[in-house]
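Here is what each chain is made of, one letter per residue.
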Amino acid sequence: DYLASEATADSSDTSLSSPAEIEAQQYRIQVSTTPQFATTLTNALVDQTTYTAYTTTYPEGILYWRVQAVDGSGNDGNWSDTGVFEKRSPSPTQTYPVGQLPVVNGTNSFTWDPVKFAKSYDLEVYKNDDLVGQSANKVLSANSLVNAYAPSNLLPASSTPYTWRVRRVDADNRKGPWSALQEFVVTGDSPTLTSP
């Protein structure tokens, strides 16, 4: 806080007989993905010592921030030390199909618990029991506005498990973390012989 720092400032090298007693008129805050602030996610001028980003969201990961005081004449003070924080959102919790290798018929909906601040959800399905998420094994990629998705095309029956995962997409189209890849098996109904 500008007033707190200036109240204890050394005035021996100035003509001031007492330390400052007036706080800054405004504060400039910057938030960036890099400690050099080459590009900023936030560059705001506020008249208080707190700030909440009302018009944007921040990406997942490590972020850097700093603040400077601005006096009544518009003069900028020195930047504060750089602060560091990590934005880490929870991944969605899958609800179906889950468990010890569940068996589905290929038309079942994938479902998960809703996540706060999600605008939509990305869903991916992989073949060959892929527990890594390799693009060569991807058989389904979809986006859903609700916390469920039913594929329009049947997943082919296979004794080798499929895997699936889901992630949140926020209002600024920033992607959240993927859920863990969950295995499941697809079986189809056996045909009934009618003749001969």
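Residues numbered from 1 in each chain as written. Predicted model: local features only at pLDDT ≥ 70, side-chain atom pairs only at ≥ 80, totals over all residues. Heavy atoms only, no water.

> Is there a simple way to think about the side chain of Ser89 in this case?
The topology assignment puts Ser89 in the loop between β5 (83-87) and β6 (94-96). In this structure the side chain of Ser89 is engaged in a polar contact, spanning 2.8 Å, whose partner is the side chain of Glu60. Side-chain polar atoms of Ser89 contact the side chain of Arg168, separated by 3.4 Å. The residues touching Ser89, leaving out its near neighbours within four places in the chain, are Glu60, Arg168 and Pro177. (Helix = DSSP H or I, 4+ residues; strand = E, 2+ residues; numbered from the N terminus. Polar contact = N/O pair within 3.5 Å; in protein donor to acceptor, adjacent residues only side chain to side chain. Contact = heavy atoms within 4.5 Å.)

> How do you make sense of the sheet that holds strand β11 (residues 148-149) when you look at a structure like this?
Where strands meet in a sheet, backbone hydrogen bonds hold them as pairs that are either parallel or antiparallel. Spatial ordering of the open sheet is given by β6-β8-β11, a layout of three strands whose pairing is antiparallel. The open sheet terminates on both sides in strands that have one partner only, identified here as β6 and β11. Across two bridges, the pairing between β6 and strand β8 (residues 110-112) is antiparallel. Bridge assignment links Tyr96 to a residue of β8, and that residue is Thr111. (Pairing = 2+ DSSP bridges.)

> Whenever I open this one, the environment of Phe184 confuses me. Can you help?
In this structure, Phe184 sits in strand β13 (residues 182-186). For the pair Phe184 and Tyr96, spaced 88 residues apart in the sequence, the C-alpha separation amounts to 9.5 Å. With residues up to four places along the chain from it excluded, the contact list for Phe184 reads Pro97, Leu101, Pro102, Val104, Phe110, Val125, Leu155, Pro161, Tyr162, Thr163 and Trp164.

> Even after reading the chapter, I still don't get empty space enclosed by the protein, so can you show me in this structure?
Any space left empty among the atoms is revealed by the rolling of a water-sized probe across them. Scanning all chains against the criterion turns up one cavity of 30 Å³ or more. Of the voids in this model, the largest cavity is the one considered here, and its volume is about 40 Å³. For the lining of the largest cavity, a count of residues per class yields four nonpolar, four polar and no charged. (1 Å grid on protein atoms, 1.4 Å probe; cavity = no way out; pocket = protein on both sides within 12 Å on 5 of 7 lines; lining within 4 Å. Points joined across faces, edges and corners; volume = space filled by probe spheres on them. Nonpolar A, V, L, I, M, F, W, Y, C, P; charged D, E, K, R; others polar.)

> What is the right way to look at the nonpolar core in this model?
A general feature of soluble globular proteins is that nonpolar side chains tend to end up buried together. In terms of nonpolar packing, the biggest core is built from 14 residues, with Phe110, Trp112, Leu123, Val125, Leu155, Trp164 and Phe184 touching the most fellow members. When residues of this core are traced back to their parent elements, those giving at least two are β8, β9 (120-126), β12 (158-169) and β13. (Core = buried A, V, L, I, M, F, W, Y, C linked by side-chain atoms within 4.5 Å. Buried < 20%, exposed > 50% of the residue type's maximum accessible area, 1.4 Å probe, protein only.)

> Can you help me understand the side chain of Ser32 in this one?
Relative to the assigned elements, Ser32 resides in strand β1 (residues 26-32). Its relative accessible area of 0% is what places Ser32 among the buried residues. In this structure Ser32 touches Phe37, Thr39, Thr40, Leu41, Leu63 and Tyr64, once residues within four positions along its chain are discounted.

> Just checking my understanding: could you explain the sheet that holds β13 for this structure?
Spatially, β7-β13-β12-β9-β10 is the arrangement adopted by the five strands of the open sheet, whose pairing is mixed. Whereas interior strands pair on both sides, the edge strands pair on one side only; in this sheet they are β7 (103-104) and β10 (138-144). Inspection of the sheet shows β9 paired to β10 by six bridges, in the antiparallel sense. Bridging from a neighbouring strand, Val125 pairs with Leu140 of β10.

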